[in-house]
Amino acid sequence: VQVVESGGGLVQPGGSLRLSCAASGFTFSSYDMHWYRQGPGKERELVAHITSAGGRTNYADSVKGRFTISRDNAKNTVYLQMNSLKPGDTAMYYCNALLITWAKKYDYWGQGTQVTVSS
């Protein structure tokens, strides 16, 4: 199983970035996908969630209207489009795949990609 984030970097306030998360080794289309972040001195927080078929999304209040989560099940990839970035968005961003069945929980994490918003 592999979950690999990419697309992070340094961006000025007001700028945009698009994060990608490429998954392999499991049935991607069966999993809900999430983006989490952990800023300096802060706890990890859920940023965005998308259901397995992509029909429903949810966002943290702090990013609503600025971030968009999407997925391409044919490419086993989930994206996070981040617009109007603020210094408070500076964090390590992690991709998570989750499937909960009656018998077991399947929970996979990537290593993270750093996003820094600074002038």
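Residues numbered from 1 in each chain as written. Predicted model: local features only at pLDDT ≥ 70, side-chain atom pairs only at ≥ 80, totals over all residues. Heavy atoms only, no water.

Asks: Hey, could you run me through the overall build of the protein chain in this one?
Replies: On a plain count of helices and strands, the protein chain comes out with zero helices and eleven strands. At 14 Å, the protein chain has a C-alpha radius of gyration in line with the 14 Å of a compact globule built from 119 residues. Considering only C-alpha atoms, the protein chain reaches an extent of 45 × 25 × 25 Å along its principal axes. When contacts within the protein chain are restricted to residue pairs at least 6 apart in sequence, long-range pairs at least 24 apart make up 53% of them. Split by element, the accessible area of the protein chain, about 6,300 Å² in all, is 47% carbon and sulfur. (Helix = DSSP H or I, 4+ residues; strand = E, 2+ residues; numbered from the N terminus. Rg over C-alpha atoms; globule rule 2.2 N^0.38 Å. Contact = heavy atoms within 4.5 Å. Areas by Shrake-Rupley, 256 points an atom, 1.4 Å probe, with all protein chains shown as cover.)

Asks: What is the right way to look at the nonpolar core in this model?
Replies: Inside soluble globular proteins, nonpolar side chains tend to come together where they are buried. By size, the foremost hydrophobic cluster in this structure holds 28 residues, and its most contacted members are Met33, Trp35, Val78, Leu80, Met82 and Tyr93. Those elements giving two or more residues to this core turn out to be β3 (17-24), β4 (32-38), β5 (45-50), β7 (67-72), β8 (77-82), β9 (91-100) and β11 (113-117). (Core = buried A, V, L, I, M, F, W, Y, C linked by side-chain atoms within 4.5 Å. Buried < 20%, exposed > 50% of the residue type's maximum accessible area, 1.4 Å probe, protein only.)

Asks: I keep staring at the state of the cysteines and nothing clicks. Help me out?
Replies: In a disulfide, the sulfur atoms of two cysteines are held together by a covalent bond. Tallied over the full model, the rule gives one disulfide. Each sulfur in the disulfide pair Cys21 and Cys95 lies 2.1 Å from the other. Because the torsion about its S-S bond is -80 degrees, the bridge between Cys21 and Cys95 counts as left-handed. In this pair, Cys21 sits in strand β3 while Cys95 sits in strand β9, placing the two residues 74 residues apart along the sequence. Residue Cys21 shares its accessibility class with Cys95, and that shared class is buried. (Disulfide = S-S within 2.5 Å.)

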